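One letter stands for each residue in the lines below.
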Amino acid sequence: MMPLWLLAVAGRFLRLAFLYHFSQAKLMAGSNNSVNGELAGICTEHGEDRNLVNLNSLQKTFVSQQQPAPLIPTTALDENWYYRHRSKFTTKATFKFIVLGILLQAALTGLAQSFSTKFAILPTVARGNCLVGWEFAPIFLTCGFYVFVICPIFISWLKLVNDAYGIKRELMADFAVGVASFLLYIIFAAIPLFREFNQVFPAAHWCVIALMLSHIFSIVLPIVDAIRGTLNKQSKVSLASFESMLGDSTQFELFKHFSMRDFSVENALFYERCIRLRVNSKQATNEKGVLRADLLLEINSIYHTFISAQSEFQLNLEASTVKAIHRHFQEKTITPDIFDSALCEVRNLMYRHTYPRFVKLREKSLDESGIF
């Protein structure tokens with residue numbers, strides 16, 4: 001049981017490090033996104049009129065999934081190590097990591113049992129102290145390797161991580177409890193001085209205590225905190241304050257950086273791009289129904305960045321919303337308000353989930369000069 005618990009904690013270490021650094025890369029790529037130079041070059045290629053082009057003449061190129069428009073965020077993310085190796089940090093990959101660790105532990109344990117008479121695979125009645133023997137070497141070795149090699153590496157990865165959910169704090173607590181219980185287990189199981197004490201309180205009970213504490217840190221306390229947050233959320237967060245934050249560029253920038261810690265930075269980036277699109281599309285077409293080239297390119301960029309199945313900033317939208325946007329692209333009925341329904345969903349997600357945590361942290365950080 002102890003190796004399984006340690007592997008599960010290690011898997012959480014990996015996922016947290018990936019999610020945080022990947023969100024950080026998204027924020028940097030999205031914040032540095034600028035398509036002005038690209039637009040100027042493309043508009044020049046389509047004629048002397050750099051403001052207006054025919055919608056139908058360009059949509060076939062933009063809608064094509066085989067040759068999507070080049071995007072600045074893609075280039076920036078391609079340089080990020082976590083993005084390039086993201087397939088190694090998926091839930092499926094983490095599960096494989098845990099399963100392989102369990103199989104390795106089982107193989108070592110089975111090998112030890114095949115040469116043991118005291119803990120044989122088909123055992124007889126055990127005699128003497130069951131907690132002492134060379135047969136425990138696989139557990140000692142794997143747990144020791146985890147405590148003294150793997151965990152320090154993972155902790156170094158999390159050195160600059162500061163998530164909004166307290167997951168790092170939970171993992172550090174799990175690590176401290178795991179190290180203490182492992183050392184106590186070895187001391188009380190291997191040293192003859194504590195043999196009499198083991199008859200009253202077996203050494204394996206230290207592992208049980210560690211699992212109980214880990215359960216409290218990782219499950220009980222987060223549930224209590226979530227319940228308390230739900231009860232207090234409506235009284236502290238108002239729609240008016242949320243709208244005020246969105247309208248304040250300084251506060252929104254703080255909110256955007258906080259959303260990185262909340263692992264929802266793509267929502268803030270999508271909102272920012274859509275508002276910019278809305279501002280720039282006040283005179284989207286002329287009397288002949290011709291859409292400006294820069295708007296069409298920006299719509300295409302937003303689609304491939306946030307909506308399409310291959311997008312790197314993919315949003316958590318309802319299936320009906322995504323299908324409706326896909327249909328507009330397939331039917332070549334692209335308009336500046338094509339993302340309005342998605343924008344409403346994203347605003348709702350930010351208001352109901354990210355913003356309450358942002359307000360809570362801002363209140364705690366009131367005396368720290370507004371640094372989040």
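Everything numeric in this text was worked out from a predicted model, so none of it was measured. (Residues numbered from 1 in each chain as written. Predicted model: local features only at pLDDT ≥ 70, side-chain atom pairs only at ≥ 80, totals over all residues. Heavy atoms only, no water.)

### Quick look at the pattern of salt bridges
Under the convention used in this document: Throughout this description, the term salt bridge denotes a Lys or Arg side-chain nitrogen within 4 Å of a carboxyl oxygen of Asp or Glu. The helix count covers DSSP runs of H or I at least four residues long, the strand count covers runs of E at least two residues long, and both are numbered beginning at the N terminus. Exposure classes here rest on a 1.4 Å probe applied to the protein chains alone. A residue is buried below 20% of its type maximum, exposed above 50%, and partly exposed in between.
Overall, the coordinates contain eight salt bridges when judged by the stated rule. The salt bridge involving Arg12 is made with Glu170; its shortest N-O contact spans 3.1 Å. One end of the pair, Arg12, is in helix 1 (residues 2–31); the other, Glu170, is in helix 8 (residues 167–190), and 158 residues separate them in sequence. As a salt-bridge pair, Glu266 and Lys26 come within 3.4 Å of each other at their nearest N and O atoms. In this pair, Glu266 sits in helix 13 (residues 265–280) while Lys26 sits in helix 1, placing the two residues 240 residues apart along the sequence. As far as the burial class goes, Glu266 and Lys26 line up, both buried. Linked by salt bridges that have partners in common, Glu253, Lys256 and Glu272 make up one network.

### A few points about the packing of aromatic side chains
As a reminder, the rule being used: In this scheme Phe, Tyr and Trp rings, the latter by its six-membered ring, pair at centre separations within 6.5 Å, and the angle between planes marks the pair as stacked below 30 degrees, edge-to-face above 60, and tilted otherwise.
Scanning all chains against the criterion turns up 25 aromatic pairs. A ring pair is formed by Phe242 and Tyr351, whose centres lie 5.3 Å apart and whose planes are at 50°; its orientation type is tilted. Of this pair, Phe242 sits in helix 11 (residues 239–247) while Tyr351 is found in helix 16 (residues 340–364), placing the two residues 109 residues apart along the sequence. One exposure class covers both Phe242 and Tyr351, and it is buried. When the centroid spacing of 6.2 Å and the interplanar angle of 85° are considered together, the rings of Phe270 and Phe339 count as edge-to-face.

### Considering the UniProt feature "transmembrane region" (unreviewed entry) in the chain
To be explicit about the condition: UniProt positions are given in the numbering used here, feature names are shortened, and annotations may be inferred rather than shown by experiment.
Sites flagged by UniProt as "transmembrane region" (unreviewed entry) map to residues 6–23, 93–116, 136–159, 171–191 and 203–224. Across residues 93–116, helical content stands at 92% and strand content at 0%; the span's end C-alpha atoms are separated by 35 Å. This span, residues 136–159, is 88% helix and 0% strand, and a straight line between its end C-alpha atoms measures 33 Å.

### Some words on the environment of Thr142
The condition that has to hold: It only takes one pair of heavy atoms within 4.5 Å for two residues to be counted as in contact.
Within the secondary structure, Thr142 is located in helix 7 (residues 137–157). Residue class for Thr142 comes out partly exposed when judged on its relative accessible area of 22%. For the pair Thr142 and Leu108, spaced 34 residues apart in sequence, the C-alpha to C-alpha distance is 9.6 Å. Once you skip the residues sitting within four places of it in the chain, Thr142 turns out to touch Gln105 and Leu108.

### Focus on the nonpolar core
The test is simple: Here, the term nonpolar core denotes a set of buried Ala, Val, Leu, Ile, Met, Phe, Trp, Tyr and Cys residues that are joined through side-chain atoms within 4.5 Å. The domain boundaries here were taken from an automatic or database domain assignment.
Ranked by size, the top nonpolar core spans 73 residues in total, and within it Phe13, Phe270, Ile307, Phe339 and Tyr355 carry the most contacts. Of all the elements, helix 1 adds the most residues to this core, at 14 residues. Both domain 1 (1–16 + 85–232) and domain 2 (234–366) contribute no fewer than three residues apiece to this core. Among all residues touching Tyr355, those that are not within four sequence positions of it are Val237, Ser238, Ser241, Phe242, Met245, Phe255, Met350 and Arg362. Counting residues in hydrophobic clusters, the runner-up holds six residues, among them Tyr185, Ala189, Ala203 and Cys207.

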